[in-house]
Amino acid sequence: RCWVFDNKGKYGGDTSSIYIAGHSAGGYLVDMVGLDKKLLARYGKDADKLAGIIPFSGQVITHFENATGEAETFAATIDETAPLYHVRPDCAPILILSGDREKELYGRYEESAYFYRLFKLLGHPDVTLYELGGFDHGSMCAAAFPLAVRLSVTMKDVNIE
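This report concerns the structure included in the present document. (Residues numbered from 1 in each chain as written. Predicted model: local features only at pLDDT ≥ 70, side-chain atom pairs only at ≥ 80, totals over all residues. Heavy atoms only, no water.)

Side note on the nonpolar core
Step number 1: Ranked by internal contacts, the top residues of the largest apolar core, which has 18 residues, are Ile53, Ile94, Ile96, Phe115 and Phe119.
Step number 2: Listing elements by their share of this core, those giving two or more residues are helix H2 (25-35), strand S3 (94-99) and helix H4 (108-122).
Step number 3: A total of three residues in this core trace back to one element, the largest contributor, which is H4.
Step number 4: Grouped together as the second largest cluster of nonpolar side chains are twelve residues, Phe56, Leu95, Ala148 and Leu151 included. (Core = buried A, V, L, I, M, F, W, Y, C linked by side-chain atoms within 4.5 Å. Buried < 20%, exposed > 50% of the residue type's maximum accessible area, 1.4 Å probe, protein only. Helix = DSSP H or I, 4+ residues; strand = E, 2+ residues; numbered from the N terminus.)

A closer look at the environment of Leu50
Step number 1: Structurally, Leu50 is set in the loop between helix H3 (37-41) and strand S2 (52-56).
Step number 2: For the pair Leu50 and Ile20, spaced 30 residues apart in sequence, the C-alpha separation works out to 7.7 Å.
Step number 3: When residues no more than four places from it in sequence are discounted, the contact partners of Leu50 are Phe5, Ile18, Ile20, Gly34 and Ala92. (Contact = heavy atoms within 4.5 Å.)

Some details on the pairing of strand S4 (residues 127-132)
Step number 1: Two strands pair when backbone bridges link them, and S3 and S4 are joined in this way by six bridges, in the parallel orientation. Among the inter-strand pairings, Leu95 is bridged to a residue of S4, identified as Thr128. (Pairing = 2+ DSSP bridges.)

Section: the side chain of Arg88
Step number 1: Tracing the chain through its elements places Arg88 in the loop between S2 and S3.
Step number 2: Among the polar contacts made by the side chain of Arg88, one reaches the side chain of Asp90 at a distance of 2.9 Å.
Step number 3: In this structure, Arg88 is in contact with Gly34, Leu35, Lys37, Ala47, Asp48, Phe119, Leu122 and His124, ignoring residues within four places of it in sequence. (Polar contact = N/O pair within 3.5 Å; in protein donor to acceptor, adjacent residues only side chain to side chain.)

Remarks on the pairing of strand S1 (residues 19-23)
Step number 1: Here S1 shows a clear split, with Ile20 and Gly22 buried on one side and none of Tyr19, Ala21 and His23 buried on the other.
Step number 2: As paired strands, S1 and S2 are joined by five bridges and run parallel to one another. Residue pairing across strands places Ala21 opposite Ile54, the latter belonging to S2.

Here we look at a nonpolar patch on the surface
Step number 1: On the surface, a nonpolar cluster with roughly 380 Å² of combined accessible area is contributed by Trp3, Val4 and Tyr11.
Step number 2: Relative to the elements of secondary structure, Val4 occurs in helix H1 (residues 3-7). (Patch = residues over 30% accessible without salt bridge, like charges linked within 9 Å, V, L, I, M, F, W, Y side chains within 5 Å. Areas by Shrake-Rupley, 256 points an atom, 1.4 Å probe, with all protein chains shown as cover. Salt bridge = Lys/Arg side-chain N within 4 Å of Asp/Glu carboxyl O.)

Laid out in structure tokens, this is it:
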């Protein structure tokens, strides 16, 4: 619960340089934490203090399951549980990583591309989308980790406050 915000400085880390990243369901979670400001606010933290949000193949629409866990139709729902619902131009820099559109989970690249496009349309100053050619949902991390590390170095030079 915000341990890094409270403790990174104790270990010599730069508290203004906190990046969050996750793959698949973890990508969904970092999108939600970085975009829905109320999630960190309940712990007295500001999501806009993040240095970067890096989802690896994160789902950005509401899951296709209802509260009982039963599969519904494949109709996309965009409500408060979907990262797309919280897209805003003033969040931390965001690096969206996806596997190859032909090898990734069905529709995942297209979700990522739509997510990216909404940030651009709203005027977000630092959003990037990478499609990792030849990599599927499971293997994309092999290409994504070095890319995320390299690009996070350049992301910290951007200040959108």
